[in-house]
Amino acid sequence: MQRAARALARRFDEALRPLGLTNGQFSLMMSLNRPEPPGMAAIASLLAMDRTTLTAALKPLQRRGLVKVAADAKDRRSRLTTLTAKGRSLLVRAVPVWQETHLEIEALLHDGDPERLRKNLRALS
């Protein structure tokens, strides 16, 4: 499973490289694509990573002006993370690349049942 996970990550990294994104950065940006800005704990939980790793992963996206991290007005100790307009624009360009890559991967499945694979992977996560 680890070998397959690495191969899939490389495939998505290659597909997203022309946009200047990695697979992990795309996933992180997708997790921020919601009506209300999520807190760090919610993002970390969704992506199955610890908050320290999340903070490190956000830094390059912040430097590029793709995401903004700000104190929560209701609780100054908490941080809320949002996509900037530039980040949303890049995500709009990246989603079709991600979708096309998924279709290419699904075409490689021997049983032709990508939903079964997704269901089994969700059970493992």
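Right above here is the structure, for reference.
What counts and what doesn't
Residues numbered from 1 in each chain as written. Predicted model: local features only at pLDDT ≥ 70, side-chain atom pairs only at ≥ 80, totals over all residues. Heavy atoms only, no water. Axes fitted to C-alpha atoms, helices over the stretch in contact; angles between N-to-C directions. Helix = DSSP H or I, 4+ residues; strand = E, 2+ residues; numbered from the N terminus. Parallel < 35°, antiparallel > 145°, perpendicular 65-115°, else oblique. Left-handed = near helix turned anticlockwise from the far one by under 90°. Contact = heavy atoms within 4.5 Å. Nonpolar A, V, L, I, M, F, W, Y, C, P; charged D, E, K, R; others polar. Salt bridge = Lys/Arg side-chain N within 4 Å of Asp/Glu carboxyl O. Buried < 20%, exposed > 50% of the residue type's maximum accessible area, 1.4 Å probe, protein only. Core = buried A, V, L, I, M, F, W, Y, C linked by side-chain atoms within 4.5 Å.

### Some details on the packing of helix α2 (residues 23–32) against helix α3 (residues 40–47)
The interhelical angle for the contact between α2 and α3, taken along N-to-C directions, is 130 degrees, at an axis separation of 10 Å. As summarised for this structure, α2 and α3 are arranged oblique, according to the angle between their axes. Along this stretch, α2 crosses α3, giving a crossing that reads as right-handed. Counted together, Ser27, Leu28, Ser31 and Leu32 of α2 and Ile43, Leu46 and Leu47 of α3 form the full contact between these two elements. Its residues assigned to classes, the contact of α2 with α3 comprises five nonpolar, two polar and no charged.

### Describing the packing of helix α1 (residues 2–16) against helix α5 (residues 85–107)
Packing of α1 against α5 brings their axes to within 10 Å, and their N-to-C directions diverge by 140 degrees. Put simply, α1 runs oblique to α5. Seen along the crossing, α1 lies across α5 with a hand that is right-handed. Contact residues: α1 offers Leu8, Arg11, Phe12, Ala15 and Leu16, while α5 offers Ala94, Val97, Trp98, Thr101, His102, Glu104 and Ile105.

### Observations regarding the pattern of salt bridges
Any two side chains of opposite charge can pair, given that their charged atoms come close. Scanning the model with the defined rule gives five salt bridges in all. Among the ionic pairs, Glu106 bridges to Arg118, the shortest N-O distance being 2.7 Å. With a gap of twelve residues between them, Glu106 in helix α5 and Arg118 in helix α6 (residues 114–124) connect regions that are remote in the sequence. Two residues, Glu115 and Arg118, come together in a salt bridge whose shortest N-O distance is 3.2 Å. With a gap of three residues between them, Glu115 and Arg118 both fall in helix α6, about one helical turn apart. Residue Glu115 is classed as partly exposed on the basis of its relative accessible area, which comes to 41%.

### Some remarks on the nonpolar core
By size, the foremost hydrophobic cluster in this structure holds 19 residues, and its most contacted members are Leu21, Met29, Leu54, Leu58 and Leu61. At the level of elements, α2, α3, α4 (51–63) and α5 are the ones that each hand at least two residues to this core. With four residues, α2 is the largest single contributor of residues to this core. Those residues in contact with Leu61 that lie beyond four places of it in its chain are Leu21, Gln25, Leu28, Met29, Leu66 and Val67.

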